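So the chains spell out like this:
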Amino acid sequence: MLQYMLKRLGVAVLVALTVSLITFSMIYLSGDPAIALAGESATEEDISNIRKFYGYDRPIIIQYLDWLWRALQGDFGQSHYLKSSVAGVIFERLPTTMLLGACAISFALILSIPLGVLAAIRPNSLIDRFALTIAVIGQAMPSFWFALTLMLWFGITWRLLPITGSSSWANFVMPAIALGYYVTPGVMRLTRAGMLEVLASDYIRTARAKGLRPMPVLFKHALRNAILPVVSLAAVQFGFMLGGSIVIETIFAINGLGFLAWESIQRADLPVMQAIVLVLSVFYIALTFLSDMLNAFLDPRIRVR
Amino acid sequence: MVERILEVERLSVDIQVPAGTLRAVQGINFHVDRGETLCIVGESGCGKSITALSLMNLLPSSATRTADKLELDGREIQNFDERQMADLRGDRLAMIFQEPMTSLNPAYTIGNQLEEAMLRHRNVSRSEARDRAVFLLEKVGITGARGRLKQYPHQLSGGLRQRVMIAMSLMCGPDLIIADEPTTALDVTIQAQILHLLADLQREFNMSLILITHDLGIVARVADRVAVMYAGEFVETGTADQVFNRPSHPYTQGLLNCIPIPGKTKRGAHLGAIPGIVPSLIGEMHGCHFASRCQFVQDDCLKGKIAFREATKGGHQYRCILSSAESARNLKKANAA
């Protein structure tokens with residue numbers, strides 16, 4: 001187990017380094033940052049001064065190593081636009097995004113896993129059709145449209161929930177549903193497919209031949225094996241939610257990382273953009289690592305690989 | 001006084017398939033006494049496994065079971081609901097499956113899976129169940145049993161897993177064990193070990209055993225009584241001696257002709273084969289099910305349902321229109337050839 005863990009950890013670190021290199025280089029693909037920073041009416045001299053001031057005149061590899069070294073210490077530099085450190089801005093916004101993501105993934109899992117299990121127990125039944133309908137709608141509906149529909153009904157027509165902001169728990173209900181609903185179909189269909197396959201397996205027959213009641217058969221013997229791919233998918237989707245909440249955060253004006261990313265792109269605030277991408281990537285990688293560990297805990301065969 | 005453990009009369013299983021109704025088992029009768037081994041022999045697809053699953057009430061949902069009588073320990077269990085059946089399964093009635101590689105749950109230790117079988121039916125503590133598991137693992141010839149409890153199925157070989165499955169079936173000391181081709185998936189050397197083990201345990205615990213197999217070599221070694229199954233029905237039943245010494249149905253004769261007998265079959269001699277394939281079991285069948293492959297087929301074979309005849313005294317029966325004398329003559333001719 002320990003060996004497996006170290007191996008996965010090593011891979012995770014390598015991936016994180018690769019991502020950081022790509023993130024850093026991407027900034028340069030969008031053009032000379034000094035020119036962008038100097039603005040339209042800047043002279044040649046202004047640009048070269050800015051280039052020197054921010055260190056853009058050094059070789060890229062040196063800039064990268066310098067940036068990486070500071071990033072490791074939690075120093076992402078200064079925001080070009082806001083008068084504060086990048087780290088400060090990010091860690092101010094991060095909890096909001098994490099909270100939103102956690103609410104959304106919880107909503108998605110609580111809805112989709114039971115539905116997927118029920119659909120698998122009774123394939124082609126009414127509940128299976130109902131689950132399929134939910135899945136199709138979820139997959140077909142763009143999240144921004146769904147978010148606006150929610151706002152219209154719950155926020156304006158019935159006035160049940162606040163439309164914008166992130167000051168109280170009620171502000172998170174609609175965004176969490178809008179964000180979470182999007183991943184429901186995938187998780188549900190995967191749960192259903194996994195359960196169907198596992199329920200037809202020999203060891204489920206063995207469990208029944210032992211005289212086990214339906215509930216232990218279902219939850220002890222079947223779900224644990226069927227849930228493995230769902231764990232991986234959920235981790236990836238959670239990572240996606242942290243980064244992909246840009247649209248939802250913007251619609252609901254939630255002061256999270258996604259909203260910050262959107263603002264920074266508009267202001268060409270390079271250090272903030274770089275840092276957001278890096279932070280989200282690291283989260284993504286950490287989640288993948290955690291899901292690998294959880295899977296190894298659930299399935300002993302993975303531990304020896 | 002013999003104690004009757006299982007009594008089955010006119011057991012039928014119909015399975016709904018897209019092409020119609022597949023009549024997998026068509027009115028078979030048999031019984032098993034305490035301490036006795038009944039072997040059900042037949043080729044793939046003849047309905048052996050479906051028979052086994054129907055006794056456990058573990059048939060797929062597309063299948064329906066009917067019977068005139070299905071008595072376990074003198075109790076009619078046909079109308080038992082799922083809850084009552086679950087109480088019997090693993091307690092009075094246990095089953096060993098063909099595929100030891102996939103029959104254990106990969107996510108749990110074998111200790112957990114063994115203990116579970118007992119915790120479900122007996123009011124015992126986990127440590128008592130564990131002691132029972134260790135005792136039985138040693139019984140089935142697994143060394144270092146206590147340490148093995150912490151192992152996962154993937155850490156064991158096929159032979160070991162089948163031993164674990166056997167131990168699991170014994171956890172509650174059942175009256176009847178149904179073993180559905182328990183050695184088919186194993187190496188030949190391991191097959192013999194597992195069979196001897198089953199036979200020994202059966203004697204030691206005085207259990208009844210229904211052994212389902214297509215391997216006549218196995219039958220010869222362990223069976224008290226034999227039922228030869230073909231296309232959903234029994235074509236010959238009797239004690240192992242009767243069936244092996246005086247096979248009376250052309251199908252049984254053909255089957256026995258297919259296996260080499262040490263000391264009797266000459267080196268290089270051709271082994272027999274039964275030409276043709278098993279008929280489809282979908283829809284109604286008339287006459288003898290074996291008629292399409294039988295070398296003695298006559299017009300009468302295709303009419304009505306062929307009744308059982310007595311081959312020799314003492315319950316040796318076969319389902320054929322040929323008289324006992326005619327079948328004996330055919331057997332002699334085949335042996336001479």
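Everything that follows concerns the structure shown earlier in this document.
Residues numbered from 1 in each chain as written. Chains lettered and ligands numbered in written order. Predicted model: local features only at pLDDT ≥ 70, side-chain atom pairs only at ≥ 80, totals over all residues. Heavy atoms only, no water.

**Some remarks on the overall build of chain B**
When helices and strands are tallied, chain B shows eleven helices and 13 strands. Radius of gyration (C-alpha) of chain B: 21 Å, near the 20 Å computed for a compact globule of 337 residues. Across its three principal directions, the C-alpha atoms of chain B cover 65 × 50 × 45 Å. A burial count over chain B gives 53% of its 337 residues as buried. For chain B, the proportion of contacts with a sequence separation of at least 24, taken over those separated by at least 6, is 65%. Computing the positive centroid from 38 side-chain charges and the negative centroid from 37, chain B places the two 4 Å apart. (Helix = DSSP H or I, 4+ residues; strand = E, 2+ residues; numbered from the N terminus. Rg over C-alpha atoms; globule rule 2.2 N^0.38 Å. Buried < 20%, exposed > 50% of the residue type's maximum accessible area, 1.4 Å probe, protein only. Contact = heavy atoms within 4.5 Å. Lys, Arg positive; Asp, Glu negative; His and termini not counted. Charge placed at Lys NZ, Arg CZ, Asp CG, Glu CD.)

**Some details on the overall build of chain A**
Broken down by element type, chain A carries 16 helices and zero strands. Its C-alpha atoms put chain A at 85 × 55 × 30 Å along the principal axes. Within chain A, the fraction of its 305 residues that count as buried is 45%. Sequence-distant contacts, at least 24 apart, represent 73% of the contacts inside chain A between residues at least 6 apart. Of the roughly 15600 Å² of accessible surface on chain A, a fraction of 69% belongs to carbon and sulfur atoms. Computed over 23 positive and 17 negative side-chain charges, the separation of the two mean positions in chain A equals 21 Å. (Areas by Shrake-Rupley, 256 points an atom, 1.4 Å probe, with all protein chains shown as cover.)

**Here's the deal with the interface of chain A and chain B**
Taken together, the contact pairs 20 residues of chain A with 30 residues of chain B. Across the interface of chain A and chain B, roughly 2300 Å² is buried in total on both sides, 52% from carbon and sulfur atoms. In this assembly, chain A and chain B are joined by four salt bridges. The salt bridge involving R213 of chain A is made with D87 of chain B; its shortest N-O contact spans 3.0 Å. (Buried area = accessible area lost by both parts, 1.4 Å probe. Salt bridge = Lys/Arg side-chain N within 4 Å of Asp/Glu carboxyl O.)

**Things to note about the packing of helix α4 (residues 126-139) of chain B against helix α7 (residues 188-205) of chain B**
All names here are of chain B. At their nearest, the axes of α4 and α7 sit 11 Å apart, and the two run at 125° to each other. When the axes of α4 and α7 are compared, the pair comes out oblique. Touching F135, L136 and K139 of α4 are L197, L201, E204 and F205, all from α7. Grouping the constituent residues of the contact of α4 with α7 by class yields five nonpolar, no polar and two charged. (Axes fitted to C-alpha atoms, helices over the stretch in contact; angles between N-to-C directions. Parallel < 35°, antiparallel > 145°, perpendicular 65-115°, else oblique. Nonpolar A, V, L, I, M, F, W, Y, C, P; charged D, E, K, R; others polar.)

**Points about the nonpolar core**
F30, L137, I178 and I210 of chain B are the most contacted members of the largest nonpolar core, which has 102 residues in total. Excluding residues that lie within four positions of it along the chain, L137 of chain B makes contacts with I110, L114, I142, A145, L149, V164 and A167 of chain B. Core analysis: the second largest hydrophobic core is formed by 52 residues, F238, I248, A275 and L278 of chain A among them. (Core = buried A, V, L, I, M, F, W, Y, C linked by side-chain atoms within 4.5 Å.)

**Quick notes on the state of the cysteines**
Residues and elements named next belong to chain B. Enumeration over the complete set of coordinates arrives at zero disulfides over all chains. A disulfide-free cysteine, C294 has its sulfur positioned 6.2 Å from the sulfur of C301, the nearest such atom. Not part of a disulfide, C301 finds its nearest cysteine sulfur in C288, a span of 6.0 Å. On the basis of relative accessible area, C301 is assigned to the buried category, the value being 8%. (Disulfide = S-S within 2.5 Å.)

**Here's the deal with helix α10 (residues 250-257) of chain B**
All names here are of chain B. Taking burial as the measure, the eight residues of α10 include seven buried ones, the bulk of the element. Within α10 the residues assigned to the buried category are P250, Y251, T252, Q253, G254, L255 and L256. Structurally, α10 contributes buried residues whose contacts are with α8 (216-222), β10 (225-230), β11 (233-239), α9 (240-245) and α11 (324-336).

**Regarding the packing of aromatic side chains**
Residue and element names in this part refer to chain B. If you walk through the whole model with that rule in mind, you get 14 aromatic pairs over all chains. Taking the centre distance of 5.9 Å and the plane angle of 50° together, the rings of F30 and F234 count as tilted. Remark: F234 occurs in strand β11 and F30 occurs in strand β2 (residues 20-33); sequence separation between them is 204 residues. Accessibility assignment for this pair places F30 and F234 in one class, buried. Where Y230 meets Y251, the ring centres are 4.5 Å apart and the plane angle is 55°; that geometry is what we call tilted. You can see Y230 sitting in strand β10 and its partner Y251 sitting in helix α10, a full 21 residues away along the chain. Y230 sits in the buried class, given a relative accessible area of 0%. (Phe/Tyr/Trp six-rings, centres within 6.5 Å; stacked < 30°, edge-to-face > 60°.)

**Some remarks on α11 of chain B**
Residues and elements named next belong to chain B. Look at α11: 18 Å from first C-alpha to last across 13 residues, which is about the 18 Å you get at 1.5 Å a residue. Residues of α11 that are buried: S327, N330 and L331. Around the axis of α11, the buried residues are gathered within 100° of arc, so they sit on the same side. Looking at α11, the residues exposed on the side facing more than 90 degrees away from the buried face are R329, K332, K333 and A336. The inward-facing, buried residues of α11 abut α9, α10 and β13 (316-319). (Expected span 1.5 Å × (residues − 1). Arc of directions from axis to C-beta.)

**Observations regarding the pattern of salt bridges**
Residues and elements named next belong to chain B. Applying the stated criterion to the full structure yields 34 salt bridges over all chains. For K48, the salt bridge identified is with E181, shortest N-O distance 3.2 Å. A residue pair is termed long-range when its members are at least 10 positions apart, and K48 in helix α1 (residues 48-56) and E181 in the loop between β8 (176-180) and α7 qualify at 133 residues. Given a relative accessible area of 7%, E181 falls into the buried group. Three or more residues are tied together by salt bridges with common partners; here these are E3, R34, D91, R92, R122 and D175.

**Section: the environment of M85 of chain B**
On the secondary structure map, M85 of chain B appears in helix α2 (residues 82-88). Considering only alpha carbons, one finds M85 of chain B and I96 of chain B, eleven residues apart in sequence, at a separation of 17 Å.

**Remarks on the pairing of strand β1 (residues 4-17) of chain B**
Residue and element names in this part refer to chain B. Where β1 meets β2, eleven bridges bridge the pair, whose relative direction is antiparallel. Pairing of I15 across the sheet is with L22, part of β2. The turn joining β1 and β2, which pair antiparallel and follow one another in sequence, is formed by two residues. Here β1 pairs with strand β5 (residues 69-72) via four bridges, running antiparallel. In the sheet register, V8 faces β5, and the bridge partner there is L70. (Pairing = 2+ DSSP bridges.)

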